[in-house]
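Report on the structure
Below, each chain spelled out in residue letters.
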Amino acid sequence: MAETHVLFVEDDDVIREATQLALERVGFTVTAMPDGLQGLESFRSDRPDIALLDVMVPGLDGVSLCRRIRDESTVPVIMLSARADSIDVVLGLEAGADDYVTKPFDGAVLVARIRAVLRRFGHAAGPDGAGPAGTEAECSGALGGVLVFGDLEVDTDGMEVRRAGEQVALTPTEMRLLLEFSSAPGTVLSRDRLLERVWDYGWGGDTRVVDVHVQRLRTKIGQDRIDTVRGFGYKLRG
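A brief report on the enclosed structure follows. (Residues numbered from 1 in each chain as written. Predicted model: local features only at pLDDT ≥ 70, side-chain atom pairs only at ≥ 80, totals over all residues. Heavy atoms only, no water.)

1. Remarks on the nonpolar core
Looking at soluble globular proteins, one finds that nonpolar side chains tend to be buried together. Our working definition: Nonpolar cores are built from buried Ala, Val, Leu, Ile, Met, Phe, Trp, Tyr and Cys residues. Side-chain atoms within 4.5 Å join them into one set. Three exposure classes are used, based on accessible area relative to the maximum for each residue type with a 1.4 Å probe and protein chains only: buried under 20%, partly exposed in between, and exposed over 50%. In this description a helix means any DSSP run of H or I spanning at least four residues, a strand means any run of E spanning at least two, and both kinds are numbered starting from the N terminus. Should any heavy atoms of two residues lie within 4.5 Å, those residues are counted as being in contact.
Counting 51 residues, the largest nonpolar core has Leu53, Met79, Val154 and Phe181 as the members making the most contacts within it. For this core, the element with the most residues is helix α9 (residues 208-221), which contributes 6 residues. Excluding its chain neighbours within four sequence positions, the residues that come into contact with Val154 are Gly145, Val146, Leu147, Phe149, Glu160, Val161, Met175, Leu178, Leu179 and Ser182. Formed by 16 residues, the second largest nonpolar core is a distinct cluster that contains Phe8, Leu110, Ile114 and Phe121.

Set out below in structure tokens:
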């Protein structure tokens, strides 16, 4: 099985070199770049399996780089931010990132988060991680077939979504989120449950990840399709 290829964009020489060594030590192939422009060039030429992008890099900042990557690919993206409360976290998620890790980070935690994202996307998770996941429908427990919610059609076998007959382009994380809602229409799903089921968090996580992804999903399938239940979570209208 081919090794997982990681694109790592970080301008701090010490962090870049130490992190590259840590990831290579557990079996990942790493291409490390010091700025966003070189990162974009490497992404286009190497087509990595996952991208780790520091928010504050020169040339092309991490958020802008994430947008450029998302315009061309659904490859998983993890943002690295120096502050947990930074607006950069939300901006990165809104730009299309699938997750984020706060700096300074423990190498083992970063590896675990990478493997969790790769499992969601069906990639190999490295030599010590789980192998490829099942289909998205299997992971989320959705029934096979086409599920219909008003003008929204969710094909859980073909992994396609249509709204009013037009195909809707979703990232794998957005698809998993929609499948989770589709498996229990009308049922309120808590943010913690969504973090566990969609993001594979067996531990606590930042619920902003859920909130931003729900908002991104709403813009694609309709703002009124997913209701917010204050103090509890979200539900898909049946």
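Structure shown, so let's carry the discussion forward.
2. Digging into the sheet that holds strand β2 (residues 29-33)
Two strands in a sheet stick together by hydrogen bonds in their backbones, pointing the same way (parallel) or opposite ways (antiparallel). Quick reminder of the rule: One requirement defines pairing of two strands: DSSP has to find at least two bridges between them. The convention used is that axes are lines fitted to C-alpha atoms, helices contributing only their stretch in contact, and that angles between N-to-C directions extend from 0 to 180 degrees.
An order of β2-β1-β3-β4-β5 is seen for the 5 strands of this open sheet, with the pairing classed as parallel. Looking at strand neighbours, the two that pair on one side only are β2 and β5 (99-102), the edges of this open sheet. For this sheet, the mean angle separating the axes of adjacent strands, direction not counted, is 20 degrees. Of the strand pairs in this sheet, strand β3 (residues 50-54) and strand β4 (residues 77-81) are connected by 4 bridges, and their pairing is parallel. Looking at β4, one finds that Asp54 is bridged to Leu80. Contacts from helix α1 (residues 13-25) reach β1 (5-9), β2 and β3, with the element oriented near 170 degrees to β2.

3. Here's the deal with the packing of helix α7 (residues 172-182) against α9
To be explicit about the condition: Any angle that is under 35 degrees is reported as roughly parallel, and any over 145 degrees as roughly antiparallel; angles of 65 to 115 degrees are reported as roughly perpendicular and all others as oblique. Think of it as three bins: nonpolar holds Ala, Val, Leu, Ile, Met, Phe, Trp, Tyr, Cys and Pro, charged holds Asp, Glu, Lys and Arg, and polar takes everything else, Gly as well.
With their axes 10 Å apart at the nearest point, α7 and α9 run at an angle of 85 degrees to one another. Regarding the angle of α7 to α9, the classification is roughly perpendicular. Seen from α7, the contacting residues are Thr173, Glu174, Leu177, Leu178 and Phe181; seen from α9, they are His213, Val214, Arg216, Leu217, Lys220 and Ile221. Counted by class, the contact of α7 with α9 contains 6 nonpolar, 2 polar and 3 charged residues.

4. Structural notes on the side chain of His5
Counted only if it meets this: Polar contact criterion, stated in full: a pair of N or O atoms within 3.5 Å, where within protein one must be able to donate a hydrogen and the other to accept it, and residues adjacent in sequence count only if both atoms are side-chain atoms.
Among the structural elements, His5 can be located in strand β1. Overall, His5 belongs to the buried group, its relative accessible area being 16%. One polar contact links His5 to Thr31, side chain to side chain, over a distance of 2.7 Å. The residues touching His5, leaving out its near neighbours within four places in the chain, are Thr29, Thr31, Asp46, Pro48, Asp49 and Ile50.

5. Some points on the packing of α7 against helix α8 (residues 191-198)
Definition in use: Less than a right angle of anticlockwise turn of the near helix away from the far helix marks a crossing as left-handed, whereas a clockwise turn marks it as right-handed.
Orientation of α7 relative to α8, taken along the N-to-C sense of each, is 125 degrees, at an axis distance of 10 Å. Considering their axes alone, α7 and α8 lie oblique with respect to each other. Crossing hand, α7 versus α8: right-handed. On the side of α7, the interface is formed by Thr173, Arg176, Leu177, Glu180 and Phe181, while α8 contributes Arg193, Leu194, Arg197 and Val198. A per-class count over the contact of α7 with α8 returns 4 nonpolar, 1 polar and 4 charged.

6. Topic: α8
Rule in force here: The directions from the helix axis to the C-beta atoms form the arc being described.
Of all the positions in α8, only Leu194, Leu195 and Val198 are classed as buried. All buried residues of α8 lie within an arc of 100 degrees about the axis, which places them on one face of the element. Those residues of α8 that are exposed and angled more than 90 degrees off the buried face are Asp192 and Glu196. Tucked into the core, α8 has its buried residues touching α5 (107-121), α7, α9 and β11 (233-236). After α8 finishes, the residue Asp200 shows a positive phi value of roughly 65 degrees.

7. Considerations on the pattern of salt bridges
Just so we agree on the cut-off: The salt bridge definition used is simple: a Lys or Arg side-chain nitrogen within 4 Å of an Asp or Glu carboxyl oxygen.
What the rule picks out here adds up to 18 salt bridges. Between Arg113 and Asp99 there is a salt bridge, with the nearest N and O atoms lying 3.3 Å from each other. A residue pair is termed long-range when its members are at least 10 positions apart, and Arg113 in helix α5 and Asp99 in strand β5 qualify at 14 residues. Like Asp99, Arg113 is buried. Note that Glu180 and Arg193 form a salt bridge whose closest N and O atoms lie 3.1 Å from each other. You can see Glu180 sitting in helix α7 and its partner Arg193 sitting in helix α8, a full 13 residues away along the chain. Arg193 gets classed as partly exposed once you look at its relative accessible area, which sits at 33%. Each member of the salt-bridge network shares a partner with another, and the members are Glu10, Asp54 and Lys103.

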